[in-house]
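# Descriptive structure summary
Chain residues, written in single-letter form:
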Amino acid sequence: MDCTFKTDEGKFNFRVGAIIRDKNRVLMAKNPSETRDFLYSVGGRVHFGETLEEAVLREVKEETGLEAEIERLFAIHENFFCEHGVPYHEISIFFLIKTSAELKSIKNGTPTDNVKTGEYLEWVDLNDCASKTLYPDFYKTVDFETKKDVLHFITRDM
């Protein structure tokens with residue numbers, strides 16, 4: 001059971017995200033059925049009773065088909081947004097993932113487990129992504145090589 005629930009005020013989501021890098025590229029997901037054109041981190045909702053580490057490794061396996069190993073906790077993201085008129089309060093915990101040769105070999109357009117929506121994976125060059133919309137947007141500004149502290153981001157799009 002996903003850790004998400006409705007309230008009188010809106011909806012709450014508890015998520016994990018996997019930061020999978022290959023030098024200046026990051027592996028992201030895209031859903032062509034969405035009305036907005038954006039890419040988002042590999043990841044998803046935490047299941048009730050699941051640790052954050054278990055959740056992110058499960059999500060990487062589900063979306064890439066590959067086993068992964070966590071490098072370290074990277075960021076906490078508080079996200080406040082509206083979708084289809086519903087206000088959301090979302091907490092996402094991001095982990096850097098040790099990038100194996102198998103993960104690096106994923107080709108652009110590789111489908112995720114979400115075949116129903118046509119979701120697929122895409123490597124994004126962070127040196128050439130100004131025209132792309134990435135969620136969360138810290139992908140465009142953070143130096144993943146030098147930042148060693150756990151970062152905290154707040155996004156308010158409501």
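Residues numbered from 1 in each chain as written. Predicted model: local features only at pLDDT ≥ 70, side-chain atom pairs only at ≥ 80, totals over all residues. Heavy atoms only, no water.

We now examine the overall build of the protein chain. Each helix and strand counted, the protein chain has two helices and nine strands in total. Reading the helices (α) and strands (β) of the protein chain from amino to carboxyl end gives β-β-β-β-α-β-β-α-β-β-β. Relative to the compact-globule value of 15 Å for 158 residues, the protein chain shows a C-alpha radius of gyration of 15 Å, a close match. With the C-alpha coordinates of the protein chain rotated into their principal frame, the extents come out at 45 × 30 × 30 Å. Long-range contacts, defined as pairs at least 24 residues apart, comprise 68% of the intrachain contacts of the protein chain with a sequence gap of at least 6. Here the protein chain has roughly 8,900 Å² of accessible surface; of this, 52% comes from carbon and sulfur atoms. (Helix = DSSP H or I, 4+ residues; strand = E, 2+ residues; numbered from the N terminus. Rg over C-alpha atoms; globule rule 2.2 N^0.38 Å. Contact = heavy atoms within 4.5 Å. Areas by Shrake-Rupley, 256 points an atom, 1.4 Å probe, with all protein chains shown as cover.)

Let's shift gears to the pairing of strand β4 (residues 39-45). Burial of β4 is extensive: six of the seven residues sit out of reach of the surface. The pairing of strand β3 (residues 25-30) with β4 spans three bridges and is antiparallel. Following the sheet pairing, Lys-30 is matched in β4 by Leu-39. Where β4 lies against strand β8 (residues 134-135), two bridges are found, and the strand directions are parallel. (Buried < 20%, exposed > 50% of the residue type's maximum accessible area, 1.4 Å probe, protein only. Pairing = 2+ DSSP bridges.)

What follows concerns the nonpolar core. Grouped burial of nonpolar side chains is what soluble globular proteins tend to show. Core analysis: the largest hydrophobic core is formed by 22 residues, its most contacted members being Ala-18, Ile-20, Leu-27, Val-42, Val-56, Val-60 and Ile-97. Tallying contributions element by element places strand β6 (residues 86-98) first for this core, with four residues. Ignoring sequence-local partners within four residues, the contact set of Val-56 consists of Val-16, Gly-17, Ala-18, Ile-70, Phe-95 and Ile-97. (Core = buried A, V, L, I, M, F, W, Y, C linked by side-chain atoms within 4.5 Å.)

Below, the discussion takes up unusual backbone geometry. Geometrically, the link from Tyr-135 to Pro-136 is a cis peptide bond, its omega value of -10° lying close to zero. For Pro-136, the position within the fold is in the loop between β8 and β9 (151-157). Look at Lys-23: it is not a glycine, yet its phi comes out positive at around 60°. Lys-23 sits in the exposed class, given a relative accessible area of 74%. For His-84, which is not a glycine, the phi torsion comes out positive at approximately 55°.

Quick look at the pattern of salt bridges now. Scanning the entire structure with this criterion turns up twelve salt bridges. Residues Glu-71 and Arg-21 are paired through a salt bridge, measuring 3.8 Å at the closest nitrogen-oxygen approach. Within this pair, whereas Glu-71 is found in strand β5 (residues 69-83), its partner Arg-21 is found in strand β2 (residues 11-22), the two being separated by 50 residues in sequence. For Glu-71, a relative accessible area of 37% gives the class partly exposed. Of the residues examined, Arg-21 reaches a relative accessible area of 12% and is grouped as buried. (Salt bridge = Lys/Arg side-chain N within 4 Å of Asp/Glu carboxyl O.)

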